[in-house]
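Reading the structure
Here is what each chain is made of, one letter per residue.
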Amino acid sequence: MKKIIVVKIGGNASNKLPSTFFKQIQTWWHEGKQVLIIHGGGPQISKWSDKLHLDVEKINGVRVTDPETLDVTKAVLLGLVQPKLCQSIADFGLPVIGLNASDNHLLEGKYLNQSEYGEVGKITKINIAWLLQEMQNKIGVLAPLAQTQTGNWLNVNADTAAATIASQLNAESLVLLTDVPGVLKSGEVVPELTETFADELFQQHIIKSGMMPKIKASFSALKNGVHQTFITNDLGRPGTQFQYVEK
Ligand SMILES: Nc1ncnc2c1ncn2[C@@H]1O[C@H](COP(=O)(O)OP(=O)(O)O)[C@@H](O)[C@H]1O
Ligand SMILES: CC(=O)N[C@@H](CCC(=O)OP(=O)(O)O)C(=O)O
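Residues numbered from 1 in each chain as written. Chains lettered and ligands numbered in written order. Predicted model: local features only at pLDDT ≥ 70, side-chain atom pairs only at ≥ 80, totals over all residues.

What about the overall build of the protein?
Spelled out, the test is: A run of DSSP states H or I qualifies as a helix once it reaches four residues; a run of E qualifies as a strand once it reaches two. Both are numbered from the N-terminal end. Note on method: radius of gyration uses C-alpha positions; expected globular size equals 2.2 Å times residues raised to 0.38. Our exposure labels follow a C-beta count within 10 Å of each residue's own C-beta, placed from the backbone: buried means 20 or more other C-beta atoms, exposed means 12 or fewer, and partly exposed covers the counts in between. Whether two residues are in contact is decided by their C-beta atoms, placed from the backbone, lying within 7 Å.
The secondary structure content of the protein amounts to nine helices and 16 strands. For 247 residues, the compact-globule estimate of 2.2 N^0.38 gives 18 Å, and the protein sits close to it at 17 Å. Expressed as lengths along the three principal axes of its C-alpha atoms, the size of the protein is roughly 45 × 40 × 35 Å. Expressed as a percentage of its 247 residues, the buried residues of the protein come to 41%. Long-range contacts, defined here as pairs at least 24 residues apart, represent 74% of the contacts in the protein between residues at least 6 apart.

The structure is reproduced here in structure tokens:
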């Protein structure tokens, strides 16, 4: 079986992808690895919600999503962010396919806590066989949305979605590509992070806001079958690598 690399691209990072990003994806592709990109788009969703005079509210990094915000989320992720990303990969000469939850029941999910977060969910089932088939000869670009068994759409945090999908695929690596070079402490990248050290940095309020779901997602992926996880702003540099020590 081919090795699989999952790269999650945050909304900020997707706006300014350097040429090293495309070169690394190309290298992996030519080495015979399968590449799946999960894209975020949080800043873009907030910008369009503002333009449409919808409230923007997040609880612990999770967007409170009423039905109108869900429409905006779908429109922005599937109408703006994903096509732009697919186009830039195709322009680099690589084969690419844009994917979403409704393709062959790709991502099934359930509500997280509807009374608190609204139309927000977590992924419960993935059509792995079909996904692997699509990724045989194309780089997959997938949005963080899921559908319930009855077809309702759910907004899913992209870091959490990437960790769940990478785990189910038994990925060799999960890379969370963001707008900082790794987990920072006193302005320096922490090269290796254990859960114990992450807890300390969290207690000291050094790890906050958008970094919190990434830390959780990285350890969850390691515990569930992903071999290596990284947070970086450059695919050519490892940034922070996560170390999971079984207790
Ligand atoms: N210890 C930390 N090291 C680095 N970034 C941190 C830390 N704590 C909080 N952050 C914040 O996390 C942000 C990345 O999360 P987020 O903005 O949600 O990114 P993305 O859009 O890529 O998901 C950084 O820009 C930074 O402001
Ligand atoms: C439920 C939830 O919070 N969903 C996220 C999905 C996009 C995302 O996670 O994008 P980034 O990676 O750019 O932050 C949101 O609506 O912002």
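Additional details are given in the paragraphs that follow.
Quick look at the site of ligand 1
For clarity, the cut-off: Put plainly, near means the residue's C-beta atom, positioned from the backbone, lies within 6 Å of the molecule or strand in question. Amino acid classes used here: Ala, Val, Leu, Ile, Met, Phe, Trp, Tyr, Cys and Pro are nonpolar; Asp, Glu, Lys and Arg are charged; the rest, including Gly, are polar.
The full set close to ligand 1 counts 17 residues, and Gly10, Thr178, Leu184, Gly210 and Met211 are the nearest of them. With three residues, helix H1 (residues 11-14) is the largest single contributor of residues to the shell around ligand 1. Counted by class, the shell around ligand 1 contains seven nonpolar, eight polar and two charged residues.

Brief notes about the site of ligand 2
Contacts to ligand 2 come from 15 residues, most closely from Gly11, Gly40, Gly42, Arg63 and Ala158. Sorting the residues of the shell around ligand 2 by element identifies helix H3 (42-51) and strand S4 (62-63) as the ones contributing at least two each. In terms of residue class, the shell around ligand 2 is built from six nonpolar, eight polar and one charged.

Focus on the UniProt feature "binding site: substrate" (unreviewed entry) in the protein
The criterion, for reference: UniProt positions are given in the numbering used here, feature names are shortened, and annotations may be inferred rather than shown by experiment.
UniProt annotation of "binding site: substrate" (unreviewed entry) refers to Gly41, Gly42, Arg63 and Asn155 when read in the numbering used here. Across 115 residues in sequence, these annotated residues keep their C-alpha atoms within 11.7 Å of one another, forming a single compact spot. For Gly41, a count of 27 C-beta atoms within 10 Å gives the class buried. Here Gly41 is in contact with Gly11, Val76, Leu77 and Val81, once residues within four sequence places are set aside. With respect to the secondary-structure elements, Arg63 resides in strand S4. Each residue touching Arg63, except ones within four places of it in the same chain, is listed here: Lys58, Val120 and Asn155.

Some remarks on helix H4 (residues 67-91)
Our working definition: To estimate the expected span of a helix, count its residues, drop one, and scale the result by 1.5 Å.
With 25 residues, H4 should cover 36 Å at 1.5 Å per step; its first-to-last C-alpha distance of 35 Å lies within 8% of that length. Those residues of H4 not exposed but buried are Thr69, Val72, Thr73, Val76, Leu77, Val81, Gln82, Leu85 and Ile89. One or two steps after H4, the chain reaches Gly93, where phi turns positive at roughly 95°.

Quick word on the environment of Ser46
If you trace the backbone, Ser46 turns up in helix H3. Sequence separation between Ser46 and Thr160 is 114 residues, and the spatial gap between their C-alpha atoms is 19 Å.

Some remarks on the sheet that holds strand S15 (residues 228-232)
Selection criterion: At least two bridges found by DSSP between two strands is the condition for calling them paired. To get an axis, a line is fitted to the C-alpha atoms, and for a helix only the part in contact is used. The angle between two axes follows their N-to-C directions and goes from 0 to 180 degrees.
What the eight strands build is an open sheet, ordered S5-S8-S2-S1-S11-S15-S16-S14; its pairing is mixed. Only two strands of the sheet have a single neighbouring strand rather than two, namely strand S5 (96-99) and strand S14 (192-194). Going from strand to strand, the sheet's axes swing by 20° on average, the running direction of each strand aside. Relative to strand S8 (residues 139-142), strand S2 (residues 34-39) is paired through three bridges, and the arrangement is parallel. Across the sheet, residue Ile37 finds its bridge partner in S8, namely Val141. On top of the sheet, helix H2 (residues 19-30) reaches strand S1 (4-9), S2 and S8; it is set at about 145° to S2, its chief contact. Here helix H7 (residues 158-168) sits on the sheet in contact with S1, S2 and strand S11 (173-177), set at roughly 175° to S1.

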